[in-house]
Amino acid sequence: MSALAGETAKIADLRHNTRYPPDSADAKERMRTDHGTKIADPENWCVCLDLWQTGPALLEDQVGREKIHRFDHERIPERVVHARGTGAHGYFKVYDDRLAKYTSARVLTDPARTTPVFVRFSTVQGSRGSADTVRDVRGFAVKFYTDEGNWDLVGNNIPVFFIQDGVQFPDFVHAVKPEPHNEAGYSHHNNFWDFAYLQSQTTHMLCWIMSDRGIPRSFRMMQGFGVNTFTLLNAEGRRVFVKFHWLPELGVHSLTWDEALKISGQDPDFHRKDLQEAIENGAFPKWKLAVQILEGHREHSFDFDILDATKIWPEDQVPLQEVGELVLNRTVDEFFPEVEQVAFCTSHVVPGIGFSNDPLLQTRNFSYFDTQISRLGINWEELPINRPVCPVMNFNRDGKGRHTVVKSQVNYHPNRFDVIRPEAEDTDKERPKAGGAYKEFQEHIEGVKERTRSDKFQEHFSQAQLFYNSLAKHERAHLVSAFSFELSHCDDPKVYENMSARLSKIDHELAQQVALNVGGEPVPEKAAQKNHERRSKGLSQGEFAPKEATMKTRRIAILIADGVNVAEVEELRTAIKKAGATAWLIGPRRGTVYGAGQTARHDTELAADHHFEGQRSTLFDAVIVPSGKAHAERLAKNGRAVHWVREAFGHLKAIGAVGEGVGFLQRAVELPGVRFASKGDEGDLGKVVDSYGVVTTLEREAERLVKGDDSESFLSRFKMEVSAHRNWQRELDGLVQGVAF
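Our subject in this report is the structure included herewith. (Residues numbered from 1 in each chain as written. Predicted model: local features only at pLDDT ≥ 70, side-chain atom pairs only at ≥ 80, totals over all residues. Heavy atoms only, no water.)

1. Some details on the overall build of the protein chain
Counting its regular elements, the protein chain contains 20 helices and 21 strands. Oriented by its inertia axes, the alpha-carbon framework of the protein chain measures out at about 95 × 85 × 55 Å. Across the 741 residues in the protein chain, those meeting the buried criterion constitute 52%. For the protein chain, contacts bridging at least 24 residues in sequence account for 73% of all contacts bridging at least 6. When the accessible surface of the protein chain is totalled, it reaches about 35400 Å², and 50% of it is carbon and sulfur. Taking the average location of the 93 positive side-chain charges in the protein chain and that of its 106 negative ones, the two points are 2 Å from each other. (Helix = DSSP H or I, 4+ residues; strand = E, 2+ residues; numbered from the N terminus. Buried < 20%, exposed > 50% of the residue type's maximum accessible area, 1.4 Å probe, protein only. Contact = heavy atoms within 4.5 Å. Areas by Shrake-Rupley, 256 points an atom, 1.4 Å probe, with all protein chains shown as cover. Lys, Arg positive; Asp, Glu negative; His and termini not counted. Charge placed at Lys NZ, Arg CZ, Asp CG, Glu CD.)

Following this line, the structure appears as structure tokens:
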């Protein structure tokens, strides 16, 4: 099989540890204990009993004891952060060898190579049992199984971080976790915002996480960033600085806040199920790998320190170069051995990729390795999901959980047999010449040993202003709402008053609006720091829209009731599938829904995938109400169906309606400010009206709905609205506030 079918060198490697239970009860294989004996009865503990009473359980029952012992020890320590996650397999390929002048890393320079990868997405703050759609940073960790060893690019969906120096990791994590006296609170509690105020270095990151970036629509629709500054080293020993970016094929999109809150209760596994659904439907998630390259002589050419993890490298100063593609095309076979036992270390790099003096990266290099030992044991790199696909041979020995058997008389270096030698091509013991081995950049270091940070690390507000200024109008409004929501949950006035004042370092209007919302007295009368008004590209999510309109992988709901136009529904469903989206029929009950004139089983009956209460509008990207007089009347009498569409409208989603479905929107749903198709539209029943993302037509010929000759057909206009993700103008013009949802 090819990589495109999900088969890679890593999948082949995992197969050595994969067991395949028989798929038939007729198979000869039977249940056995871990030590190999067949089990006769796994449902009853061996006891001493007579005909009248049950006696004591016997400890000699090895089968029973093994079953309980194994169950008692199934759990391993939960990750302190990034506990809630999911993952998938795939591959990475570079487009060409354009980076060869910067690095000797073959994974980044050899276009003939297909590198297996495993990617783990996660939230940061919550426990393993928390919900997917909370406001949080998302982890985006990629393990490349290269021929030269594993390279772990351990990043997030936000390019900056809360702190500059890793020594503050414990304080930050303690502050963001639930409060110690009552184990309550997500990020919206006193301790987190108290820490955020007292550590002004968090200001830039706060703007990112309070923006729409903190509530992504899907893992497939978010960027990834390496966060830290790394280095590339070429064959001549020349070094450049680098930052890594992942750019999603589908664009960068988010949920609305009300939607995120509701999904957390309605479907806490929303993101992990979304990833699995896309892969299983053949809509493989894709990202482009882009890099920012900075020559060494430019390191000190900016008003910020390029090694400061709370800062970005603005794209208009350091452009992105797209160099390769990441594709996820295979789901995991078993969650725990793959997703839970996969372990990443920023210190895992391959020849040609190195570290900078980024203080956060330096601590991550130590901490990540240390925490994997705590969770998985010293031999964690022998676990199937973590082991490299290249040969591994060294003199590391023993330890708990050791699997490898090394047949040799020596276990040290150097040895009399001169075996397992380092990769060196000359005899200079002090400075061996690298020949495919990892090589550090030879750098002269001179300075004073002290606990301090350089001057540029002390400036904390300029890039927060840059981010805020670069957002679209609706994104800035969402930032106000997010800060207001979080701070309104703080019950210590000192906390929300301090943070309200702090925001005036970013923008005076932002600070005033938040202070008024949360009672942050006194309301700042003037800016604590003048806004420099500068903007930068690549910060607003709107800049990452797909180049061509697409519905690919979107979930489209079609609301149906008895009396619906069956032919129309089938035509729409086929066209939606052809466009790469998935169509879901939502009705008054799961199962049979009858078309117009049908009262019993019929060849053209429809089967609803879900009922109105079972799957809410929050779980779909858009909704269509087809035609059918009785169908529309029944929908109008169903309060949940009416709320279904109002909620989709409030969440700014594309809404389509045909024939009598248009009347349902007008008279029952009552969408304010929206213009609908009507018989007065130039007398043309086929005319399509698109108003605030609500696409309507009175066209009754099913085929014409989806096969118009131009971009003005119903489905073409609907596709344009779905591709835009949300109709933000609906919100900006105040239409949303007029609908209860």
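What follows continues from the structure just given.
2. Brief notes about the side chain of Gln164
Structurally, Gln164 can be placed in the loop between strand S6 (149-156) and helix H3 (169-176). Residue Gln164 is classed as buried on the basis of its relative accessible area, which comes to 1%. Contact partners of Gln164, with chain neighbours within four places excluded, come to Gln201, Asp308, Thr310, Lys311, Pro359, Leu360, Arg453, Phe457 and His460.

3. Looking at the sheet that holds strand S17 (residues 610-611)
The mixed open sheet is built from seven strands, whose spatial order is S17-S14-S13-S18-S19-S21-S20. Pairing within the sheet leaves two strands with one partner each, and these edge strands are S17 and strand S20 (688-691). Two elements, strand S19 (residues 654-658) and strand S21 (residues 694-697), share four bridges in a ladder whose sense is parallel. In the strand pairing of S21, Gly656 is matched with Val695. Running over the sheet, helix H17 (residues 660-669) touches strand S18 (622-625), S19 and S21 and is turned about 125° from S19. (Pairing = 2+ DSSP bridges. Axes fitted to C-alpha atoms, helices over the stretch in contact; angles between N-to-C directions.)

4. Focus on empty space enclosed by the protein
With a probe scaled to a water molecule rolled over the atoms, the places where space remains empty come into view. On inspection of all chains with the given rule, the structure shows six cavities of 30 Å³ or more. Put simply, the largest cavity is a space of about 160 Å³. The wall of the largest cavity is formed by 19 residues, among which Pro159, Phe225, His245, Gln292 and Ile312 lie closest to the centre. Residue composition of the lining of the largest cavity, grouped by class: nine nonpolar, seven polar and three charged. (1 Å grid on protein atoms, 1.4 Å probe; cavity = no way out; pocket = protein on both sides within 12 Å on 5 of 7 lines; lining within 4 Å. Points joined across faces, edges and corners; volume = space filled by probe spheres on them. Nonpolar A, V, L, I, M, F, W, Y, C, P; charged D, E, K, R; others polar.)

5. Brief notes about the layout of surface pockets
Empty space within the largest pocket amounts to approximately 1900 Å³. If you go around the largest pocket, you meet 39 residues; those closest to its centre are Arg19, Asp34, Arg70, Glu334 and Pro337. Residue assignment for the lining of the largest pocket shows that the elements contributing at least two residues are helix H1 (9-14), helix H2 (62-72), strand S11 (321-331) and helix H8 (335-340). Its residues assigned to classes, the lining of the largest pocket comprises 16 nonpolar, eight polar and 15 charged.

6. Some details on the pairing of S6
Within S6, eight of the eight residues are buried, which leaves the element mostly enclosed by the surrounding structure. If you look at the hairpin formed by strand S5 (residues 138-146) and S6, you'll find two residues sitting between the two strands.

7. Digging into the pattern of salt bridges
A full pass over the atoms with the stated rule returns 40 salt bridges. Between Asp13 and Arg387 there is a salt bridge, with its nearest N and O atoms 2.9 Å apart. Of this pair, Asp13 sits in helix H1 while Arg387 sits in the loop between helix H9 (359-376) and helix H10 (462-470); the two residues are 374 residues apart in sequence, bridging distant segments of the chain. Judged by its relative accessible area of 15%, Asp13 is buried. Notably, a salt bridge pairs Lys273 with Asp267, separated by 3.0 Å at the nearest N-O pair. One network of salt bridges, with partners in common, ties together Arg217, Arg220, Asp274, Arg554 and Asp621. (Salt bridge = Lys/Arg side-chain N within 4 Å of Asp/Glu carboxyl O.)

8. Examining the packing of helix H5 (residues 203-210) against helix H11 (residues 473-488)
Closest axis-to-axis distance for the H5/H11 pair is 9 Å, and the angle between their directions is 105°. By the angle between their directions, the pair H5 and H11 is classed as roughly perpendicular. Across the interface between the two elements, Leu206, Cys207 and Met210 from H5 touch His478, Leu479, Ala482, Phe483 and Glu486 from H11. (Parallel < 35°, antiparallel > 145°, perpendicular 65-115°, else oblique.)

9. A look at unusual backbone geometry
With an omega dihedral of -5°, the bond running from His413 to Pro414 counts as a cis peptide bond. Positionally, Pro414 belongs in the loop between H9 and H10. At the junction of Glu521 and Pro522, the peptide bond is cis and its omega measures out at -5° in the coordinates. In this structure, Pro522 sits in the loop between helix H13 (508-518) and strand S13 (555-559). Its identity as a non-glycine residue notwithstanding, Asp398 has a phi of 60°, on the positive side. Take Asp398: it is sitting in the loop between H9 and H10. The exposure class assigned to Asp398 is exposed, which follows from its relative accessible area of 55%.

10. Brief notes about helix H14 (residues 566-578)
For H14, built from 13 residues, the straight-helix expectation of 18 Å at 1.5 Å per residue is met to within 8% by its first-to-last C-alpha distance of 18 Å. Those residues of H14 that fall on the buried side of the exposure criterion are Val566, Glu568, Val569, Leu572, Ala575 and Ile576. Its side-chain oxygen at 3.3 Å from the backbone nitrogen of Ala567, Asn565 defines the N-terminal cap of H14. Among the residues trailing H14, Gly580 stands out with phi positive, at a value near 90°. (Expected span 1.5 Å × (residues − 1). Polar contact = N/O pair within 3.5 Å; in protein donor to acceptor, adjacent residues only side chain to side chain.)

11. Quick notes on the nonpolar core
Core analysis: the largest hydrophobic core is formed by 47 residues, its most contacted members being Phe162, Phe172, Trp193 and Phe483. Only H3, helix H4 (190-198), H5, H10, H11, helix H12 (493-502) and H13 provide two or more residues apiece to this core. Element by element, the count of residues in this core is highest for H5, at six residues. (Core = buried A, V, L, I, M, F, W, Y, C linked by side-chain atoms within 4.5 Å.)

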